[in-house]
Amino acid sequence: MQNPAARTPDVIAAIATAPGRGGIGVVRVSGASLSEFASALCGRTPQPRRAMFSAFRDAAGAAIDEGILLHFPAPASFTGEDVLELQGHGGPVVMQMLLARCLELGARLAEPGEFTRRAFLNGKLDLAQAESVADLIEASTAAAARSAVRSLSGRFSEEIHRIVDALVDLRMLVEATLDFPEEEIEFLERARAMPRLEDIRARLESVLDRARQGALLRSGLNVVLVGEPNVGKSSLLNQLAGEDRAIVTDIAGTTRDALRETIQIEGIPLHIIDTAGLRETADTVERIGIERTWREIERADVILRLVDASAAVTDTTPESIDARLPQGVERITVVNKIDLAGLAAGRIEEPVEPSGRICLQVSAKRGTGIDLVRAELLRIAGWHAHGEDVILARERHLHALRAALAHVESAAAQSAALELFAEELRLAQESLGEITGEFTADDLLGVIFSRFCIGK
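About the criteria used
- Residues numbered from 1 in each chain as written.
- Predicted model: local features only at pLDDT ≥ 70, side-chain atom pairs only at ≥ 80, totals over all residues.
- Heavy atoms only, no water.
- Helix = DSSP H or I, 4+ residues; strand = E, 2+ residues; numbered from the N terminus.
- Contact = heavy atoms within 4.5 Å.
- Salt bridge = Lys/Arg side-chain N within 4 Å of Asp/Glu carboxyl O.
- Buried < 20%, exposed > 50% of the residue type's maximum accessible area, 1.4 Å probe, protein only.

S.K.: Requested: an account of the side chain of Ser-151, with residues and values cited.
M.R.: For Ser-151, the position within the fold is in helix H5 (residues 142-152). Non-local contacts of Ser-151, meaning those with residues more than four positions away in its chain, are made with Gln-129, Ser-132, Phe-156 and Leu-392.

S.K.: I'd love a proper account of the pattern of salt bridges, names of residues and values included.
M.R.: Enumeration according to the criterion identifies 21 salt bridges in this entry. Arg-366 is the partner of Asp-339 in a salt bridge, and the nearest nitrogen-oxygen pair spans 3.4 Å. In this pair, Asp-339 sits in helix H13 (residues 338-341) while Arg-366 sits in the loop between strand E13 (359-361) and helix H14 (370-381), placing the two residues 27 residues apart along the sequence. On the basis of relative accessibility, which here comes to 62%, the residue Arg-366 falls in the exposed class. The salt bridge partner of Glu-423 is Arg-426, with a shortest N-O separation of 2.7 Å. With a gap of three residues between them, Glu-423 and Arg-426 both fall in helix H16 (residues 418-436), about one helical turn apart. Residue Glu-423 is classed as partly exposed on the basis of its relative accessible area of 32%. A relative accessible area of 29% means that Arg-426 is categorised as partly exposed. Taken together, the shared-partner salt bridges in this structure form one network comprising Asp-10, Glu-81, Arg-108, Glu-114 and Arg-118.

Set out below in structure tokens:
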């Protein structure tokens with residue numbers, strides 16, 4: 001029999017379900033004219049968009065597995081091409097055998113993100129929607145997942161398109177005015193060009209603010225607990241996590257290695273890292289743990305610097321640690337064990353530690369003052385509630401929005417020179433086009449889709 005994929009060399013296939021055992025596993029195939037491909041695999045031609053119970057067969061006609069075959073003819077499919085979904089039993093060996101049969105029939109193994117990339121290239125999704133597919137899969141909180149679904153449905157893209165449309169209308173007005181230089185200023189005033197530009201600027205600022213919040217939902221903050229041995233770092237981690245995740249004892253040096261825990265505050269993922277106590281030690285294992293602590297500190301977004309309440313009060317806290325902490329990183333000094341020192345929970349306006357810009361008194365053992373720590377972490381993150389309007393943005397989205405806003409502000413400063421005014425509007429439009437893919441280079445597309453999982 002002629003290879004059914006011979007006329008369609010660009011057929012791709014991949015296992016679309018996660019590795020491991022499961023009740024169901026899915027192999028996805030995409031390409032042109034896959035009816036013959038399906039017939040070679042199952043012995044009959046599938047009906048469009050109808051679930052069909054089938055035996056998936058090898059080249060000799062022996063059954064590899066039994067399951068459901070779905071055929072989505074182009075263009076009414078995820079990729080815009082013919083798509084087959086082979087739903088079989090979710091054993092890894094069965095899935096690999098089924099994938100091998102698809103490759104034998106002429107498909108090639110799909111690259112990471114290639115199905116979604118084809119959907120983008122075939123106009124089924126714009127680039128922001130395509131990225132939201134990966135964001136939905138990777139979402140670590142319910143709030144992030146909801147935001148990703150909104151982007152996938154086109155909400156983010158629609159807002160960008162509305163701003164672009166306003167920019168295009170203003171560009172048409174300005175560039176038409178360039179043909180009548182003697183009437184430039186009067187014509188622009190009658191057309192309310194500057195108020196329209198100000199409205200565009202305000203809309204960009206609103207989208208950028210919500211995108212910053214979404215970036216927090218997507219990536220969260222790395223929060224590192226730092227201090228001498230036995231100051232209560234593990235107890236604070238347990239309080240923030242809401243359960244016992246770290247071993248807590250009165251023995252100094254119990255924590256030998258970094259312990260990571262992701263928690264949520266107002267939907268924001270915070271990656272809390274409990275580290276080995278910092279001190280001079282001859283213990284080889286503990287010394288390695290301390291070296292790793294300093295590496296974690298270098299990657300921190302926020303440092304929670306813990307001190308013992310009695311040590312803080314008597315001003316005997318070692319200064320060598322604070323001298324080594326990076327200066328450009330947000331820091332909260334947490335005075336712990338106030339229950340033993342007879343102190344009240346609260347914020348100290350003039351920190352005991354000179355290096356601490358913020359100082360909170362808490363008892364990690366009793367949970368007193370922990371809400372103050374949570375609130376301070378939210379403040380440092382710059383979080384404020386936006387309800388269901390948060391945009392799950394990536395760094396490239398933020399960069400494009402900032403660039404567009406800068407060009408709009410520059411246009412406002414160039415209102416007396418209409419050629420420059422028009423050019424800044426064009427550049428603002430181009431920056432926004434990078435978000436949805438209208439002005440995106442092929443090499444950037446390669447980077448974006450290479451970070452997707454295989455099968456998506």
